[in-house]
Amino acid sequence: MTVLGLESSCDETAAAILRREVDGSVTVLADRVLGQNDAHAPFGGVVPEIAARAHAEAMDGLVSQALAEAGLAVADLDGIAATSGPGLIGGVMAALMTAKGLALGAGKPLIAVNHLEGHALSPRISEPLAFPYLLLLVSGGHTQLLIAEGVGVYHRLGSTMDDAAGEAFDKTAKVMGLGFPGGPALERCAQSGDATRFALPVPLKGKPGCDFSFAGLKTAARQIWDGLDAPSDQDRADLSACVQAAIARALSSRTRRALAMFVDRFPDASRPMALVVAGGVAANKAVRAALEDEAAAAGFRLVAPPMKWCTDNAAMIALVGLEKLARGQIDGLDAPARARWPLDGAAAKSDPAIGSGRKGPKA
Ligand code: KG4
Ligand code: ZN
């Protein structure tokens, strides 16, 4: 089976084509991603209207390129998959409407994909990772701990109550004038900084569970910055190092709890058990080192998909499309674009990190 996947829920426009053999193994036939950093850089963050327009302009060209790279025509595809949420709604519509048009025009099934499910399955593009595994998803839009029990079966252990970890990096970097995207810039700046100079709050200190919160950290960092008299490069480096260390600590301490919960739930899972880290923040070396330590201490191995499939991409969307198509799970042309769409709907209802529906967390 061969599926085209489309992605446009944040600031990457992407198209990919994957093929699945009867034994479940997958081959990436084409994989195209177009970033928009230059368009958003003047504003220090993703501007939804600019993102939506850029996706709409780029999407059909990327589809043509992906088909040419794979040496296929639309008629050769078995299905068209697109992210249909969660994400910036104008952007989500670009991929979803393109997919609907192709599906209708070519008479192919449409598969509406939850972007988070794409991240959850992304390690399986590059290796045949067995279920169950624990996933920490840390990006600019999401911070969640999930157990992937099988295709379509995800159990959320915790998620952010306010900002995502990547947002905390980006917004702090913006305050310090480090440019966009802020995460990589802050990491570079932190290299020459003293991570012990400023005391930052420990988010959700003493609170049980696996939820996250980064808004307090972000505010504290801004107050420290605003309180500095004519801040120097060294001040900038020191605050970067402190913020990075605080985010790494917050992520690793919650992950420690989730690892213990995973072992309780699946005492017979095959060893070594896997902790998967996905999302752009997984590129951060301090975060990765902290997670390596937690994983090793709990007897897990840390699995990080190659960076191109760790950040937003369409290969992971095509993979979900293939898995769903193989199970006969296809969607009608009335499939909605959704700004919010929890992966574990039951947990989001019974145990919302904060509110639900429109009041729920962005992540
Ligand atoms: O997964 P991703 O490419 O896109 C989504 O947000 O969906 O993640 C982007 C996020 C941004 O917030 C970016 O600043 C952060 O990942 N990021 C980093 C690093 N590289 C990317 N954060 C900290 N350190 C990095 N090296
Ligand atoms: Zn993402």
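These numbers were taken from a predicted model, which means no experiment stands behind them.

What counts and how
- Residues numbered from 1 in each chain as written.
- Chains lettered and ligands numbered in written order.
- Predicted model: local features only at pLDDT ≥ 70, side-chain atom pairs only at ≥ 80, totals over all residues.
- Heavy atoms only, no water.
- Salt bridge = Lys/Arg side-chain N within 4 Å of Asp/Glu carboxyl O.
- Helix = DSSP H or I, 4+ residues; strand = E, 2+ residues; numbered from the N terminus.
- Buried < 20%, exposed > 50% of the residue type's maximum accessible area, 1.4 Å probe, protein only.
- Core = buried A, V, L, I, M, F, W, Y, C linked by side-chain atoms within 4.5 Å.
- Domains from an automatic or database assignment.
- Contact = heavy atoms within 4.5 Å.
- Pairing = 2+ DSSP bridges.
- Right-handed = clockwise from strand over helix to strand, strands pointing away.

The tally for this structure, following the rule as stated, stands at 12 salt bridges. The shortest N-O distance in the salt bridge between glutamate 149 and arginine 265 comes to 3.0 Å. Residue glutamate 149 is located in strand β7 (residues 143-150), and its partner arginine 265 is located in helix α9 (residues 233-265); the two are separated by 116 residues in the primary sequence. Its salt-bridge partner being glutamate 294, residue arginine 256 comes within 2.9 Å of it at the nearest N-O pair. One end of the pair, arginine 256, is in helix α9; the other, glutamate 294, is in helix α10 (residues 285-297), with 38 residues separating them in the sequence. Its relative accessible area of 47% is what places arginine 256 among the partly exposed residues. Taking relative accessible area as the criterion, glutamate 294 reaches 11% and is therefore assigned buried. One continuous salt-bridge network, built from bridges that share partners, spans Arg20, Glu323 and Arg327.

Ranked by size, the top nonpolar core spans 85 residues in total, and within it Leu134, Leu200, Phe214, Ile247, Leu251 and Phe262 carry the most contacts. Of all the elements, α9 adds the most residues to this core, at 12 residues. When residues of this core are assigned to domains, at least three map to each of domain 1 (2-123 + 312-341) and domain 2 (130-304). Excluding residues within four positions of it along the chain, leucine 134 makes contact with Leu146, Ile147, Leu157, Ala258, Leu259, Phe262, Ala274, Leu275 and Val276. Leu4, Ile80, Leu96 and Ala99 belong to the second-largest nonpolar core, a separate cluster that totals 20 residues.

Okay, the pairing of strand β5 (residues 110-114) next. The side chains of a regular strand alternate, first on one face of the sheet and then on the other. A large share of β5 lies buried, amounting to 5 of its 5 residues. Neither face of β5 is open: one carries Leu110, Ala112 and Asn114, the other Ile111 and Val113, and all of them are buried. In the sheet, strand β4 (residues 79-85) pairs with β5 via 5 bridges, with the strands oriented parallel. Counterpart to alanine 82 in the pairing with β5 is alanine 112. Since β4 and β5 lie parallel, the crossover through helix α3 (residues 89-106) that links them has a hand, and here it is right-handed.

In short, the description is geometric, and any link to function would need to be established separately.
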